[in-house]
Amino acid sequence: MAVPKRRTSRSSTRHRRAQWRASAPDLVPVTIEGETFRVPRRLIGAVLDGLVDPRTGRRTR
């Protein structure tokens, strides 16, 4: 396991940690029964199969 040669200052640690950001999911337009919804890319199949309600984002079954 890698071991640092010296201690990292609190300021440097916090500056490094502050750079990390979670990215918002890519929303893709999907048309169901003539109505267009924007859903995350990973849920397209579930929405088209009727497993997830695009209005609420919850499971239907």
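A quick note: this is a predicted structure, and the numbers were derived from the prediction, not measured.

**A look at the overall build of the chain**
- A count of helical and extended segments in the chain gives 2 helices and 2 strands.
- When the helices and strands of the chain are read in sequence order from the N terminus, they spell out α-β-β-α.
- Scaling as 2.2 N^0.38, a compact globule of 61 residues should have a C-alpha radius of gyration of about 10 Å, whereas the chain reaches 21 Å, well beyond that.
- Here the chain holds 61 residues, and the buried ones make up 11% of them.
- Of all intrachain contacts in the chain linking residues separated by at least 6 positions in sequence, the fraction that spans at least 24 positions is 0%.
- A total of about 6,000 Å² of accessible surface is found on the chain, and carbon and sulfur atoms cover 50% of it.
- If you average the places of the 15 positive and of the 5 negative side-chain charges in the chain, the two averages end up 26 Å apart.

**Topic: unusual backbone geometry**
- Within the chain, E33 stands out as a residue other than glycine whose phi angle is a positive 50°.
- Mapped onto the secondary structure, E33 falls in the loop between β1 (27-32) and β2 (35-40).

**What to know about the nonpolar core**
- With 5 residues, the main nonpolar core is built from V30, F37, V39, V47 and V52.
- Beyond its immediate stretch of four places on either side in the chain, V30 contacts E35, T36, F37, V39, I44 and L48.

**Some points on the pattern of salt bridges**
- Per the counting criterion, the structure on display carries 2 salt bridges.
- With its nearest N and O atoms 3.3 Å apart, the salt bridge here joins E35 to R55. Of the two residues, E35 is situated in strand β2 and R55 in the segment after α2 (44-49); the sequence distance between them amounts to 20 residues.
- Judged by relative accessible area, which is 57%, R55 ranks as exposed.
- A salt bridge links R55 to D53; the nearest nitrogen and oxygen atoms lie 3.6 Å apart.

**Concerning the pairing of β2**
- With 6 bridges joining them, β1 and β2 adopt antiparallel strand pairing. Among the inter-strand pairings, I32 is bridged to a residue of β2, identified as E35.

Rules of the game
Residues numbered from 1 in each chain as written. Predicted model: local features only at pLDDT ≥ 70, side-chain atom pairs only at ≥ 80, totals over all residues. Heavy atoms only, no water. Helix = DSSP H or I, 4+ residues; strand = E, 2+ residues; numbered from the N terminus. Rg over C-alpha atoms; globule rule 2.2 N^0.38 Å. Buried < 20%, exposed > 50% of the residue type's maximum accessible area, 1.4 Å probe, protein only. Contact = heavy atoms within 4.5 Å. Areas by Shrake-Rupley, 256 points an atom, 1.4 Å probe, with all protein chains shown as cover. Lys, Arg positive; Asp, Glu negative; His and termini not counted. Charge placed at Lys NZ, Arg CZ, Asp CG, Glu CD. Core = buried A, V, L, I, M, F, W, Y, C linked by side-chain atoms within 4.5 Å. Salt bridge = Lys/Arg side-chain N within 4 Å of Asp/Glu carboxyl O. Pairing = 2+ DSSP bridges.

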